[in-house]
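Structural characterization, general
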Amino acid sequence: MAWEVKKFIEEKLLEVKKIVGDKSAVAATSGGVDSTTCAFLAYKALGEKLTAIFIDDGLMRQDEPTKVSEELGNLGIKVKLIDARDEFFKALRGIEDPEQKRKKFRDTFYRVLGKVVKENRAAYLIQGTIAADISETERGIKTQHNVLEQIGIDPRDYGFQVIEPLREIYKPEVRDVARELGLPEEIYQKMPFPGPGLATRVVGEVNPQRVEIVRKANRIVEEETKELRPFQAFAVLMKDRATGMVGGKRVFGNIIVVRSVESKNAMTASVSRIPWEVLEKIQKRIAEEIPSVTKILFDITPKPPSTIEYI
Ligand code: XMP
């Protein structure tokens, strides 16, 4: 059956309106395509009854919290920016296991959100879970932070009920919905960014210093590959170290991996064929702008056998 975006939107608007009724709802947003599209759909259905919540977890791209709050505000949506950086870093302290990181992230996320939902006296949380999140969690590939039921969590424990209008569709359809709703292109063509943010790009302990390194590297990779429009391009900070020469001295420094992949729905991915000059420019900028990095690698592994992210 052909994908009917108009019909999907009509149905979801009615569904959200009917479920929420005369109560109020909050939409959890992260600045990504899924959560922004979901929040805008909910706003179309609920108007003033909706508040978008943006939790600054300290794991976002550079300047993302203020940029996203502005973007949502420009769309007419009421936005609350919550600074929860300390809470997230405290929860993640000392944790290296990938799934443990996701669990800690998820628990902190819902604890903070639960508090905000209560403060706003909202009965519903609307979030942008998509079909890929659900299937990867079900197949045990990884615990997506926004899939609660499948991992045996009752959202009511956190003080709200969850509505997930995009749970049956994948990323390309989400982009169709965004376009049809009239969202600007820079939103619906935005590169996917994982819910737990830069925590998925730090192998080993996630702390403010290590996140800052990967945030800078990530920005450089995104800027330098922008014209190539990869599905996802980013940097990862490894736990291992490597000796290098910085300012004429031997330094046992950080290792950054550059990854760029092409994909339709993130279920499989191939490696982007980045021109050598672009890779060289990335290497030069990372070495110059982040002196603690002594080794820069390019990842040539497709998915499978790799996943896209490193944890
Ligand atoms: P993987 O690494 O599983 O990634 O190949 C597939 C897609 O999902 C994103 N990703 C996540 N998104 N929570 C999210 O919301 C997560 O825990 C998570 N892990 C990976 C990843 O960026 C890619 O687009």
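As the structure is a prediction and not an experimental result, all values here were calculated from the model.

**Digging into the packing of aromatic side chains**
How two aromatic rings sit relative to each other is set out by the distance from centre to centre and by the angle between their planes. Under the counting rule described, the total for this entry stands at 6 aromatic pairs. Judged by centre distance (5.3 Å) and plane angle (85 degrees), the ring pair of F109 and Y110 falls under edge-to-face. For F109, a relative accessible area of 11% translates into the label buried. Summarising the aromatic geometry, the rings of Y110 and F160 are spaced 6.5 Å apart at their centres and angled 40 degrees between planes, so their arrangement reads as tilted. Here the residue Y110 occupies a position in helix α5 (residues 98-119), and F160 occupies one in the loop between α6 (131-138) and β5 (161-163), the gap between them amounting to 50 residues. Note on Y110: relative accessible area 0%, which makes it buried. Residue F160 is classed as buried on the basis of its relative accessible area of 2%. Members of the aromatic cluster, joined through ring pairs, are F88, F105, F109, Y110 and F160.

**Details of the pattern of salt bridges**
Under the definition given, this model contains 27 salt bridges. In this structure, the salt-bridge partner of K171 is D34, at a minimum N-O distance of 3.0 Å. Linking K171 in helix α7 (residues 171-180) with D34 in helix α2 (residues 33-46), this pair joins segments that are 137 residues apart in sequence. Like D34, K171 is buried. With a shortest N-O distance of 2.7 Å, E224 and R285 are connected by a salt bridge.

Reading the values: rules and limits
- Residues numbered from 1 in each chain as written.
- Predicted model: local features only at pLDDT ≥ 70, side-chain atom pairs only at ≥ 80, totals over all residues.
- Heavy atoms only, no water.
- Phe/Tyr/Trp six-rings, centres within 6.5 Å; stacked < 30°, edge-to-face > 60°.
- Buried < 20%, exposed > 50% of the residue type's maximum accessible area, 1.4 Å probe, protein only.
- Helix = DSSP H or I, 4+ residues; strand = E, 2+ residues; numbered from the N terminus.
- Salt bridge = Lys/Arg side-chain N within 4 Å of Asp/Glu carboxyl O.

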